[in-house]
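Next come the chains, spelled out residue by residue.
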Amino acid sequence: KQIPTGFPKNFLWGGATAANQLEGGWNVDGKGLTTAEVVKKAETREDFSMNQVTTESIAQAAADPTDNAYPKRRGVDFYHHYQEDIAMLAEMGFKAFRLSIAWARIFPNGDDATPNEAGLAFYDKVFAECHKYGIEPVVTISHYEMPLALTQKQNGWASRQTITAFLRYTETLFKRYKGVVKYWMTFNEINAITGGFTGTGAVDADLSLNEKAQLRFQALHHQFVASAKAVAQCHAIDPNAKIGCMLARMQTYPQTPNPEDVRAAQLSDQLNLFYTDVQARGEYPEYMNRYFQENHITLQMDPNDEKVLRENPVDYISFSYYMSTVTNADQDVEHFHDGFVFGEKNPYLQTSAWGWQIDPVGLRISLNDMWDRYRIPLFVVENGLGAEDKVTSDGKIHDDYRIDYLRAHIAQMREAIEDGVQLMGYTTWGPIDLISASTSEMSKRYGFIYVDQDDAGNGSLRRLRKDSFYWYKHVIATNGAEL
Ligand code: BG6
């Protein structure tokens, strides 16, 4: 057999965003408040503000009619700039634009009797604008947010009832955008759910560690079932559409060849791939039985759940890839941890200003591992470098550090394709600067397009082309042959 050379002809080059970091327009045209819009900006770069939510902070936020303290309410105002923004993506030659739908734009309270027509109409216009330029929308159904009313009423995904609300939402989307949206994915970075509020939409700050573990894995089970049922709905309503899962891939390495370190890294890797194992293979993997038992976690399942998971695996696997980690035997990987765990330092790698370890070869390793394990198409739907950018006096942004990061990762994807991996596409994170998910900063930028707004929300919102804009345009024009 011939070795494939370079990127396939129909490769989906583009960029990825999320409603709550991009759109703004948080209180217009009937939209309800979301869980992302009660999160304040982090005090430090290490602190993940998206998980610092309590019942009191929600009550306080819900009573605050301004966007001053809550950056995800304002995003970068894509709601009013979408034509200009999509035109700029088209100028770069985008083939795909990943965006998410804000559930609360469609069902303001999550479980309303009828959908909000103005919300649906907004996405009609966005998708039409994409198609005008031959850009394929790639749509995340739930990206780190849900209608806050579902948190207040039933503690988000902790409740099984949320599955019903979600399926009404997904059915509405599949029917409305049939033939318009070809690529769907259910939950963004579904593994973040065990990290806390962002994924579960459930307030659990006052619970013990064991109670948190119980709640989060139960909430996760509800998402697995909801996702599998959405796969079934999608296939029934629009047989031409493809629907995938989405994982935050955390490639890890053993710190030394000591077998104890290698075993710890193996378990850490299993605990990352577990989510995709369920969604792509259709069942909980055996190694989780031991984890659940040792962590005193008991899942409540309906009699039909296992069948639903088995019968509805995803069509493709998408994932984000930013960094890799290191695991050793001294790290406690067997036990449940609250929040995000980044592992040890790798002396061979540089880090971003936010401490994320930059590892392009790790992307090739991950792609090969995942292809070997699942044998269904893969899609890198997030990758990029969060950095502070400087605008020069003549309005230029010389972001060669970003170009270096992306170039190295694209080169490794090309290697993986030549290794035989089936890769559908590549959407870099935040092609337009947007609000950071973890810290809600504006100054952590990923874009090819600079947005004039600071952390406090001041600025003209004017869009400027960075050096990376012209570079990525050339990459797409040459289908990745010239980096
Ligand atoms: C992923 C998320 O975790 O990484 C995005 O899916 C997020 O929503 C991106 O923005 C980068 O993270 P951050 O915290 O730098 O915005």
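Computed from a predicted model, the values in this text were never measured in an experiment.

A short note on the pairing of strand β1 (residues 12-16)
Here's step 1: The buried fraction of β1 amounts to five of the five residues, a majority that puts the element mostly inside the structure.
Here's step 2: When β1 meets strand β10 (residues 423-429), the two strands line up parallel, connected through five bridges. Residue pairing in the sheet places alanine 16 in a bridge with tryptophan 429 of β10.
Here's step 3: Looking at chain direction, β1 and strand β2 (residues 96-100) are connected through three bridges and run parallel. Along β2, the bridge assignment pairs alanine 16 with arginine 98.

Overview of the site of the ligand
Here's step 1: Around the ligand, a shell composed of 15 residues is seen, among which Ala18, Gly386, Ser436, Ala437 and Ser438 lie nearest.
Here's step 2: Split into classes, the residues belonging to the shell around the ligand amount to five nonpolar, seven polar and three charged.

Focus on the UniProt feature "active site" (unreviewed entry) in the protein
Here's step 1: Here the UniProt feature "active site" (unreviewed entry) sits at Glu382.
Here's step 2: Residue classification places glutamate 382 among the buried positions, given that 25 C-beta atoms sit within 10 Å.
Here's step 3: Discounting residues that sit within four places of it in the chain, glutamate 382 has contacts with Ala16, Ser320, Thr427 and Trp429.

Quick look at the environment of glycine 14
Here's step 1: With respect to the secondary-structure elements, glycine 14 resides in strand β1.
Here's step 2: The sequence separation of glycine 14 and tyrosine 470 amounts to 456 residues, and the corresponding C-alpha distance is 14 Å.
Here's step 3: Contact partners of glycine 14, with chain neighbours within four places excluded, come to Phe94, Lys95, Ala96, Phe97, Arg98, Gly425 and Thr427.

What counts, and where the lines are drawn
- Residues numbered from 1 in each chain as written.
- Predicted model: local features only at pLDDT ≥ 70, side-chain atom pairs only at ≥ 80, totals over all residues.
- Buried ≥ 20, exposed ≤ 12 C-beta atoms within 10 Å, placed from the backbone.
- Helix = DSSP H or I, 4+ residues; strand = E, 2+ residues; numbered from the N terminus.
- Pairing = 2+ DSSP bridges.
- Near = placed C-beta within 6 Å.
- Nonpolar A, V, L, I, M, F, W, Y, C, P; charged D, E, K, R; others polar.
- UniProt positions renumbered as here; feature names shortened; annotations may be inferred.
- Contact = placed C-beta atoms within 7 Å.

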